[in-house]
Amino acid sequence: MTTTSLRKPPAASMGGEYRYHVLRAAIERFQCDLVGLDAQRMAEVESQARRTFDLESLVLSSPEALDAVVPEPRLEEALNALRDRYPDTDAFEEDMVRNGLNEAGMRRALQRELTFDAVMQRVGTYAAPINEVEERLFYELHRERFETPERRAARHILITVNDDYQENRRDAARARIERIAADLKGHVEQFGELARWHSECPSATQDGSLGLVTPGQLFPALDQGLFGLAAGDVSGVLESDLGFHLLLCERIEPARSVDFDQAREKIRSVLEQRRRRETQKDWIASLRQN
């Protein structure tokens, strides 16, 4: 929130609660505080702040908000979380002044925000429970979410093609990779060491490790080469836009599916969150209508 801009802070047109919404919108939209905004961006920020402030005010005027209480320790925790973003208390207070706020206004704004959150959480509990039919339907309609494709642990050695360097001109690069391939025959255990010494890919620092690779992640020629290997095999020389490669398939993790019983808890959580959001949205619509 701190800025080095020399512009004067905008004059506060409403109370600290609203100013907090303006500041929050500026940070969300433009990653800066209010003195860092030009007129056009300030107008966008104020438009968003009016919407969120009006929504907050609507919810706080509802019957559900009448007995909503924010414990003082929770309010202090929220205020301290803001203070902790600054090197010291003076910097925190200076930033608030620069943005048209003070600690009293910030406390009121945070109390409103926390009360709003508490009310919305309460309204979310009005949602109807999820039943097994809905869980099974979700599972059948989103089967791909519960399938893990085959993965292969791989290493590679790259010799780039670059006409600016004699040793990397196409014929020379090809000859270099073929010499490495010859050294590997019968000595697969040396792949990591050779990658570390010869590979021109950043992965050389990890002995050529590419980690776990799924189909489609690599260049097409490399993808086809890797997924045609048996575990422990080294490919022939492969070519991509980068240059020439050798690939080692270290380990194969077969594709697998998660059955309904294993996925059920996760499915229920997803559907409950969706149902709560829908319930909250409908409740707000009813408040506006009334």
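Residues numbered from 1 in each chain as written. Predicted model: local features only at pLDDT ≥ 70, side-chain atom pairs only at ≥ 80, totals over all residues. Heavy atoms only, no water.

Peer 1: It is not clear to me how the pattern of salt bridges should be interpreted in this structure. Could you clarify?
Peer 2: Pairing is possible between side chains of opposite charge, provided their charged atoms come close. Taken as a whole and judged by the stated rule, the model has 26 salt bridges. The shortest N-O distance in the salt bridge between glutamate 72 and arginine 107 comes to 3.3 Å. Pair noted here: glutamate 72 is in helix α3 (residues 72–83) and arginine 107 is in helix α5 (residues 103–124), with a separation of 35 residues, a long-range link. Judged by relative accessible area, which is 46%, glutamate 72 ranks as partly exposed. Here glutamate 200 and arginine 176 are joined by a salt bridge, their closest N and O atoms 3.0 Å apart. Note that glutamate 200 is positioned in the loop between α8 (191–198) and β3 (209–213) and arginine 176 in helix α7 (residues 170–184), a separation of 24 residues in sequence. Here glutamate 200 falls in the partly exposed class, since its relative accessible area comes to 30%. Members of the salt-bridge network, linked through shared partners, are Glu72, Glu76, Arg83, Glu103 and Arg107. (Salt bridge = Lys/Arg side-chain N within 4 Å of Asp/Glu carboxyl O. Helix = DSSP H or I, 4+ residues; strand = E, 2+ residues; numbered from the N terminus. Buried < 20%, exposed > 50% of the residue type's maximum accessible area, 1.4 Å probe, protein only.)

Peer 1: Looking at this model, I keep getting lost on a positive patch on the surface. Mind explaining?
Peer 2: Together, Arg145, Lys266, Arg274, Arg276 and Arg277 make up a positively charged patch on the protein surface. Mapped onto the elements, arginine 145 comes out in the loop between α6 (132–141) and β1 (147–148). Given the relative accessible area of 48%, arginine 145 is considered partly exposed. (Patch = residues over 30% accessible without salt bridge, like charges linked within 9 Å, V, L, I, M, F, W, Y side chains within 5 Å. Areas by Shrake-Rupley, 256 points an atom, 1.4 Å probe, with all protein chains shown as cover. Lys, Arg positive; Asp, Glu negative; His and termini not counted. Charge placed at Lys NZ, Arg CZ, Asp CG, Glu CD.)

Peer 1: Can you walk me through the nonpolar core in this structure?
Peer 2: Proteins that are soluble and globular tend to have nonpolar side chains buried together. Grouped together as the largest cluster of nonpolar side chains are 28 residues, with contacts concentrated most on Val22, Leu34, Leu37, Val45, Phe92, Met106 and Leu110. Residue assignment for this core shows that the elements contributing at least two residues are α1 (16–30), α2 (39–60), α3, α4 (89–98) and α5. Looking at this core element by element, the count peaks at seven residues for α1. What valine 45 contacts, discounting residues up to four positions off in sequence, is Val22, Ala25, Ala26, Phe30 and Leu37. With twelve residues, the next largest nonpolar core counts Ile157, Ile180, Ala195 and Leu248 among its residues. (Core = buried A, V, L, I, M, F, W, Y, C linked by side-chain atoms within 4.5 Å. Contact = heavy atoms within 4.5 Å.)

Peer 1: What is the right way to look at the side chain of serine 62 in this model?
Peer 2: Mapped onto the fold, serine 62 is located in the loop between α2 and α3. A distance of 2.6 Å separates a polar side-chain atom of serine 62 from the backbone oxygen of valine 59. What serine 62 contacts, discounting residues up to four positions off in sequence, is Val119, Trp283 and Leu287. (Polar contact = N/O pair within 3.5 Å; in protein donor to acceptor, adjacent residues only side chain to side chain.)

Peer 1: Would you explain the side chain of histidine 245 in this entry?
Peer 2: Tracing the chain through its elements places histidine 245 in strand β5 (residues 243–253). At a separation of 3.3 Å, a polar atom in the side chain of histidine 245 contacts the side chain of histidine 156. Of the polar contacts made by the side chain of histidine 245, one reaches the side chain of serine 240; its length is 2.6 Å.

Peer 1: Can you walk me through the confidence of the model for the protein chain in this structure?
Peer 2: Interpretation of this model should avoid reading the predicted coordinates in detail wherever pLDDT is low. In this model, the protein chain carries an average pLDDT of 90, and 95% of its residues clear a pLDDT of 70 or more. Across residues 1–13, confidence stays below pLDDT 50; counting only partners more than four residues off in sequence or on other chains, it has 33 contacts. (pLDDT = per-residue confidence, 0-100.)

Peer 1: Explain the environment of phenylalanine 92 to me, please; I cannot follow it from the model alone.
Peer 2: Secondary-structure assignment places phenylalanine 92 in helix α4. Assessed through its relative accessible area of 2%, phenylalanine 92 is described here as buried. Once you skip the residues sitting within four places of it in the chain, phenylalanine 92 turns out to touch Leu79, Leu82, Arg83 and Tyr86.

Peer 1: Quick question: what am I supposed to make of the packing of aromatic side chains here?
Peer 2: Aromatic ring pairs are reported here in terms of the distance separating the ring centres and the angle at which the planes meet. According to the stated counting rule, one finds four aromatic pairs in the structure shown. Three or more aromatic residues joined by ring pairs make a cluster, and in this case those are Tyr139, Phe146 and Phe260. (Phe/Tyr/Trp six-rings, centres within 6.5 Å; stacked < 30°, edge-to-face > 60°.)

Peer 1: Looking at this structure, how should I read the pairing of β5?
Peer 2: Every regular strand shows the same layout, with side chains that alternate between the two sheet faces. Across ten bridges, the pairing between strand β2 (residues 151–160) and β5 is antiparallel. By the bridge assignment, histidine 156 is partnered in β5 with leucine 247. Where strand β4 (residues 238–239) meets β5, two bridges bridge the pair, whose relative direction is antiparallel. Counterpart to glutamate 239 in the pairing with β5 is phenylalanine 244. Counting the residues that bridge the hairpin from β4 to β5 gives three residues. (Pairing = 2+ DSSP bridges.)

Peer 1: Sorry if this is basic, but what is going on with unusual backbone geometry here?
Peer 2: Peptide bonds are trans in most cases, and residues, glycine excluded, mostly fall at negative phi. The residue glutamine 31 is not glycine, and still its phi comes out positive at about 55°. Structurally, glutamine 31 can be placed in the loop between α1 and α2. One non-glycine residue, aspartate 207, adopts positive backbone phi at about 55°. Note on placement: aspartate 207 falls in the loop between α8 and β3.

Peer 1: Any chance you could explain α7 here in plain terms?
Peer 2: Note: α-helices contain 3.6 residues per turn, so residues at a spacing of three or four share the same orientation. Taking 1.5 Å as the rise per residue, α7 with 15 residues should run 21 Å; its terminal C-alpha atoms sit 21 Å apart, in good agreement. Buried residues of α7: Ala173, Ile177, Ile180 and Leu184, and no others. Viewed end-on, α7 has its buried residues packed into an arc of 55°, placing them on one side of the element. Of the residues in α7, the exposed ones pointing more than 90 degrees away from the buried face are Asp171 and Arg179. Looking one or two residues past α7, glycine 186 carries a phi angle of roughly 80°, positive in sign. (Expected span 1.5 Å × (residues − 1). Arc of directions from axis to C-beta.)

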